[in-house]
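Listed here are the chains, written in short residue letters.
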Amino acid sequence: MKNKRIIIAGGSGFIGHGLSDYFGTDNDIVILTRRPQAARGRVQYIVWDGRTRGDWAAALEGADLLINLTGKSVNCRYNEQNRQAIFNSRTDATSILGAVTQTLKKPPRLWVNAGSATIYRHAEDRPMNEFNGEIADDFSVQVCKRWEATFNGITLPHTRKTILRIGVTLGWQPGGVMHPYLNLVKFGLGGHQGSGRQMFTWVHITDVCRMIDWLYENDTASGVYNCTSPNPIPNRTFMQQLRKTAGHLFGLPAPAPLLRIGATLIGTETELLLKSRWVLPTRALQEGFVFQYPDINTAFSHILAHMPRSAYHLF
Ligand SMILES: NC(=O)c1ccc[n+]([C@@H]2O[C@H](COP(=O)([O-])OP(=O)(O)OC[C@H]3O[C@@H](n4cnc5c(N)ncnc54)[C@H](OP(=O)(O)O)[C@@H]3O)[C@@H](O)[C@H]2O)c1
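The structure displayed is predicted, hence computed values, not measured ones.

Each value, and the rule that gives it
Residues numbered from 1 in each chain as written. Predicted model: local features only at pLDDT ≥ 70, side-chain atom pairs only at ≥ 80, totals over all residues. Heavy atoms only, no water. UniProt positions renumbered as here; feature names shortened; annotations may be inferred. Helix = DSSP H or I, 4+ residues; strand = E, 2+ residues; numbered from the N terminus. Buried < 20%, exposed > 50% of the residue type's maximum accessible area, 1.4 Å probe, protein only. Arc of directions from axis to C-beta. Contact = heavy atoms within 4.5 Å. Salt bridge = Lys/Arg side-chain N within 4 Å of Asp/Glu carboxyl O. Axes fitted to C-alpha atoms, helices over the stretch in contact; angles between N-to-C directions. Parallel < 35°, antiparallel > 145°, perpendicular 65-115°, else oblique. Left-handed = near helix turned anticlockwise from the far one by under 90°. Nonpolar A, V, L, I, M, F, W, Y, C, P; charged D, E, K, R; others polar. Near = heavy atom within 4 Å. Polar contact = N/O pair within 3.5 Å; in protein donor to acceptor, adjacent residues only side chain to side chain. Areas by Shrake-Rupley, 256 points an atom, 1.4 Å probe, with all protein chains shown as cover. Patch = residues over 30% accessible without salt bridge, like charges linked within 9 Å, V, L, I, M, F, W, Y side chains within 5 Å. Core = buried A, V, L, I, M, F, W, Y, C linked by side-chain atoms within 4.5 Å. Pairing = 2+ DSSP bridges. Phe/Tyr/Trp six-rings, centres within 6.5 Å; stacked < 30°, edge-to-face > 60°. Lys NZ or Arg CZ within 6 Å of the ring centre and 35° of its normal.

1. Thoughts on the UniProt feature "domain: DUF1731" (unreviewed entry) in the protein
Consideration 1: Residues annotated in UniProt with the feature "domain: DUF1731" (unreviewed entry) correspond here to residues 254–303.
Consideration 2: Along residues 254–303 the backbone is 56% helical and 0% strand, and the end-to-end C-alpha distance reaches 24 Å.

Next up, the structure:
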């Protein structure tokens, strides 16, 4: 995609950073954020509150692509206050973007709303895809369901709409999971977590960007797409391969009871590590999308090449 105007709501975080790197050389990017920042090259920041109409709405007029990533991070304790903020940040932002887009004279050609591959149930028996995936009802699934229902409830006759159910995204950009995983590896704690049998559904940040580019160019694409690599792996293999790529022979595993204590201490939930997410990108593959990083070893090699050695070695 070239010379387009792309709006990224919630684009100041990890995935937004990856999208700005990928699209920002050839396109104009407008990031909607609650925190004002100076422009960087073709990337400009406009302040919004993620809930109500404001001056920011004018930026959407005539834009080519709208991407919405807004949402409070799920990396926190699921107490009542955080649960509400996790729900509301996603549904409020989606609703106000929809209401504003409905009033535009020239609305974007495509709206990509983030969703999550965690919408599918804990699966150790078989992979889930867009056609046969089973959707359970635990907290994180409820978040995804309400988020998607809000998006699906918005009618836009001139804008194609897609939901990306994104897997755990791997990249070198700040805020991503590679940093904490590599810290574990660096300090000799990079063994498997829990039983290590839980499936890890991941995707390389470049393939997230490439899939959005592909959806934009593909006029018939709409609805739900799993944005996950075609080769999910067990947590044990994920950690083994990460240690190997980072040049570490050994890593202590973390059994589930220890993880539960650790998660409480650092203010997060074990679900993020122990849920077995086994998801395949069946629709994208059927419709001709080709992954640049389908395998974990090429993905890790590429990502580590972008990081300083000090990110994964003490010396
Ligand atoms: N990273 C992954 O592996 C992954 C996997 C599946 C799904 N997702 C989903 O994809 C989206 C983007 O992921 P990410 O990793 O880039 O997340 P991120 O780094 O946490 O960025 C999300 C952005 O949302 C905005 N935000 C947070 N709380 C908000 C609130 N209460 N009201 C309005 N805006 C708020 C923040 O922007 P400002 O502070 O600048 O306003 C933040 O930069 C998220 O919704 C996430 O759930 C991510």
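2. Overview of helix α10 (residues 296–304)
Consideration 1: Within the span of α10, buried status applies to I296, A299, F300, I303 and L304. Looking straight down α10, one finds that the buried residues subtend no more than 120 degrees of arc, so they occupy a single side.
Consideration 2: Buried-residue contacts for α10 involve β7 (168–170), α4 (178–186), β9 (202–204), β11 (233–234) and α6 (235–246).

3. A closer look at the pattern of salt bridges
Consideration 1: Summed over the entire model, instances satisfying the criterion amount to twelve salt bridges.
Consideration 2: In this structure, R77 engages E269 in a salt bridge whose closest nitrogen and oxygen atoms are separated by 3.9 Å. Note that R77 is positioned in the loop between β4 (65–68) and α2 (80–102) and E269 in the loop between α7 (256–266) and α8 (271–274), a separation of 192 residues in sequence.

4. A closer look at the packing of α6 against α10
Consideration 1: Between α6 and α10, the least distance of the axes is 10 Å, while the angle of their chain directions is 45 degrees. It follows from the interaxial angle that α6 and α10 lie oblique. The crossing of α6 and α10 is right-handed. Contact residues: α6 offers F238, Q241, L242, T245 and A246, while α10 offers I296, N297, F300, S301 and L304.
Consideration 2: For the contact of α6 with α10, the class distribution of residues is six nonpolar, four polar and no charged.

5. Some remarks on the site of the ligand
Consideration 1: The local shell around the ligand holds 22 residues, among which S12, I15, T33, R34 and R90 are the closest.
Consideration 2: Taking T33, its side chain carries an N or O atom lying 2.5 Å from an oxygen atom of the ligand.
Consideration 3: Interatomic distance of 2.9 Å between a backbone N/O atom of T169 and an oxygen atom of the ligand.
Consideration 4: Contact with the protein chains hides 81% of the accessible area of the ligand, taken as 870 Å² for the molecule alone.
Consideration 5: Of all the elements, strand β5 (residues 110–116) adds the most residues to the shell around the ligand, at three residues.
Consideration 6: Its residues assigned to classes, the shell around the ligand shows seven nonpolar, eleven polar and four charged.

6. As for the UniProt feature "domain: NAD-dependent epimerase/dehydratase" (unreviewed entry) in the protein
Consideration 1: UniProt tags residues 6–131 as "domain: NAD-dependent epimerase/dehydratase" (unreviewed entry).
Consideration 2: Between the first and last C-alpha atoms of residues 6–131 the distance is 30 Å; the span itself is 26% helix and 21% strand.

7. Quick word on a nonpolar patch on the surface
Consideration 1: A cluster of nonpolar side chains, namely F187, L189, L249, F250, L252, L314 and F315, defines an oily patch on the protein surface of about 900 Å² accessible area.
Consideration 2: When you line up the elements, F250 lands in the loop between α6 and α7.

8. Considerations on the nonpolar core
Consideration 1: Counting 35 residues, the largest nonpolar core has L19, L65, I67, L164 and I212 as its most contacted members.
Consideration 2: The leading source of residues in this core is helix α5 (residues 205–217), at eight residues.
Consideration 3: Discounting residues that sit within four places of it in the chain, L164 has contacts with V112, N113, A114, G115, S116, M211, I212, L215, Y225 and C227.
Consideration 4: L97, V100, I154 and I163 belong to the second-largest nonpolar core, a separate cluster that totals 22 residues.

9. Focus: the packing of α4 against α6
Consideration 1: Viewed as axis vectors pointing N to C, α4 and α6 meet at an angle of 75 degrees, and their least axial separation amounts to 10 Å. When the interaxial angle is binned, α4 and α6 end up roughly perpendicular. Contacts between α4 and α6 involve M178, Y181, L182 and V185 on the former and, on the latter, F238, M239, L242, R243 and A246.
Consideration 2: Split by residue class, the contact of α4 with α6 holds eight nonpolar, no polar and one charged.

10. So, the pairing of β4
Consideration 1: Along β4, one buried face is formed by L65 and I67 and the opposite face, lined by L66 and N68, is buried too.
Consideration 2: Across four bridges, strand β1 (residues 5–9) lies against β4 in parallel orientation. Paired with I6 across the two strands is L65, which belongs to β4.
Consideration 3: As paired strands, β4 and β5 are joined by four bridges and run parallel to one another. Among the inter-strand pairings, N68 is bridged to a residue of β5, identified as N113.

11. Quick look at the packing of aromatic side chains
Consideration 1: A complete count under the given rule lists twelve aromatic pairs for this structure.
Consideration 2: Residues Y78 and F139 carry aromatic rings whose centres are separated by 4.7 Å and whose planes lie at 55 degrees to one another, so their mutual orientation is tilted. With Y78 in the loop between β4 and α2 and F139 in helix α3 (residues 139–152), the pair connects residues that are 61 residues apart, well separated along the chain. With respect to class, Y78 is no different from F139; both count as buried.
Consideration 3: Here the aromatic rings of F238 and F300 are separated by 5.2 Å at their centres, their planes lie at 65 degrees, and the arrangement is edge-to-face. Here F238 is found in helix α6, whereas its partner F300 is found in helix α10, with 62 residues between them in sequence.
Consideration 4: Taken together through their ring pairs, the aromatic side chains of Y181, F200, F238 and F300 make up a single cluster.
Consideration 5: Directly above the ring of F151 sits K161, whose terminal nitrogen or CZ lies 4.6 Å from the centroid.

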